[in-house]
Amino acid sequence: MSLQEIHSRIAAACAKAGRDPASVTLIAVSKVQPNERVSAVLEQGHRCFGENRVQEAAGKWPDFRAKYDGINLHLIGPLQTNKVKHALDLFDTIHTLDREKLARKLATEAQARGTCPPLFIQVNTGEEAQKAGVPPTAVDGFVADCRTMDLPLRGLMCIPPVDEEPALHFALLAKIAARNGLSGLSMGMSSDFEAAIALGATHIRVGSAIFGARVPVSPTK
Ligand SMILES: *Cc1c(COP(=O)(O)O)cnc(C)c1O
């Protein structure tokens, strides 16, 4: 699907929801995509991208930044505390703040640098054992902790369980954000971004619908 088609679908979903399309940021998720596909999207003028691994981002984005102005890069995958410095060097926004130890590490680094990127707290709305994120019942407390550390919270992020109706999870995330006075909602992917926009998404993370299917990584022999 072309970038233009995605933008018209976003515009249609916003019209239906009575929202301004400018209130929705399209994050093009470029993880695992060949550089030619990423370049093609950059050539069309798009500048906002998402990656889920620090290492992978480090391998391609410094070169793209040297070539294109105004790139805005979002970390949407898990962050280990020993990679915080590296992540802060690379990313403009982090969507996966999910635990106290990471919050403390980010706060320490932010102090040292005098700056910190906007942060989203990842919420495990489906309470899945294998998935990262703060459990819904623990979010209020965690938000309060992050605020005492002066962390710049932008909003909440979720990845709904694959086998459940995503709208239920988007609605839950919106409710938790509202009661915590947070305006950012990072939710919605290729298969469900219109539903996410209807429920207030401010940041949608769309990969395969823009770039095509991710090229499978072949096993190393
Ligand atoms: C890969 C990924 C996406 C994009 O998924 P698509 O289905 O390809 O749009 C969005 N969010 C996160 C956290 C991801 O890891």
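Cut-offs applied
- Residues numbered from 1 in each chain as written.
- Predicted model: local features only at pLDDT ≥ 70, side-chain atom pairs only at ≥ 80, totals over all residues.
- Heavy atoms only, no water.
- Helix = DSSP H or I, 4+ residues; strand = E, 2+ residues; numbered from the N terminus.
- Rg over C-alpha atoms; globule rule 2.2 N^0.38 Å.
- Buried < 20%, exposed > 50% of the residue type's maximum accessible area, 1.4 Å probe, protein only.
- Contact = heavy atoms within 4.5 Å.
- Areas by Shrake-Rupley, 256 points an atom, 1.4 Å probe, with all protein chains shown as cover.
- Lys, Arg positive; Asp, Glu negative; His and termini not counted.
- Charge placed at Lys NZ, Arg CZ, Asp CG, Glu CD.
- Near = heavy atom within 4 Å.
- Polar contact = N/O pair within 3.5 Å; in protein donor to acceptor, adjacent residues only side chain to side chain.
- Nonpolar A, V, L, I, M, F, W, Y, C, P; charged D, E, K, R; others polar.
- Core = buried A, V, L, I, M, F, W, Y, C linked by side-chain atoms within 4.5 Å.
- Salt bridge = Lys/Arg side-chain N within 4 Å of Asp/Glu carboxyl O.
- pLDDT = per-residue confidence, 0-100.
- Expected span 1.5 Å × (residues − 1).
- Arc of directions from axis to C-beta.

(A) Quick look at the overall build of the protein. From N to C terminus, the protein includes nine helices and eight strands. Here the C-alpha radius of gyration of the protein, 17 Å, is about what a compact globule of 221 residues would show, namely 17 Å. Dimensions of the protein, computed from the C-alpha atoms along their principal axes, are close to 45 × 40 × 40 Å. Out of the 221 residues in the protein, the part that is buried amounts to 49%. Summarising the internal contacts of the protein: among those between residues at least 6 apart in sequence, 60% fall at separations of at least 24. Accessible area for the protein stands at about 10600 Å²; split by element, carbon and sulfur atoms hold 52% of it. For the protein, the distance from the average position of its 25 positive side-chain charges to the average position of its 23 negative side-chain charges is 3 Å.

(B) Layout of the site of the ligand. Inspection of the region around the ligand gives Val29, Lys31, Ile76, Met157, Ile159, Met189, Ser190, Arg205, Val206, Gly207, Ser208 and Arg214 as its neighbouring residues. Between the ligand and the protein, one listed contact pairs a nitrogen atom with a side-chain N or O atom of Arg205 at 2.9 Å. In isolation the ligand offers 380 Å² of accessible surface; the protein chains occlude 89% of this area. When its residues are assigned to classes, the shell around the ligand shows six nonpolar, three polar and three charged.

(C) Representation of the nonpolar core in the model. In terms of nonpolar packing, the biggest core is built from 64 residues, with Leu97, Ile121 and Leu151 touching the most fellow members. Aside from chain neighbours lying at most four places away, what touches Leu97 is Leu102, Ala103, Leu106, Leu119, Phe120, Ile121, Gln122, Phe142, Cys146, Leu151 and Leu153.

(D) Spotlight on the pattern of salt bridges. Applying the stated criterion across every chain, the model contains eleven salt bridges. In the salt-bridge network here, residues are joined through shared partners; they are Lys85, Asp89, Glu109 and Arg113.

(E) Spotlight on the confidence of the model for the protein. Put simply, the protein has an average pLDDT of 96, and 97% of its residues get 70 or more. The least confident element of the protein is helix α9 (residues 208-211), whose mean pLDDT is 96; the most confident is strand β7 (residues 184-186), at 99.

(F) Representation of helix α7 (residues 166-179) in the model. For α7, built from 14 residues, the straight-helix expectation of 20 Å at 1.5 Å per residue is met to within 8% by its first-to-last C-alpha distance of 20 Å. Residues of α7 that are buried include every one of Pro166, His169, Phe170, Leu173, Ala174, Ile176 and Ala177, and no others. Down the axis of α7, the buried set is contained in an arc of 165 degrees. They therefore lie on one face. Residues of α7 that are exposed and point over 90 degrees away from its buried face: Leu168, Lys175 and Ala178. The inward-facing, buried residues of α7 abut α6 (139-148), β6 (153-157), β7 and α8 (193-198).

(G) Focus on the side chain of His46. Mapping His46 onto the fold places it in the loop between α2 (35-43) and β2 (48-51). Looking at His46, its side chain comes within polar contact range of the main-chain oxygen of Leu26, at 3.2 Å. One polar contact links the side chain of His46 to the main-chain carbonyl oxygen of Cys48, over a distance of 2.8 Å. In contact with His46, other than residues within four places in its own chain, are Leu3, His7, Leu26, Ala28 and Val41.

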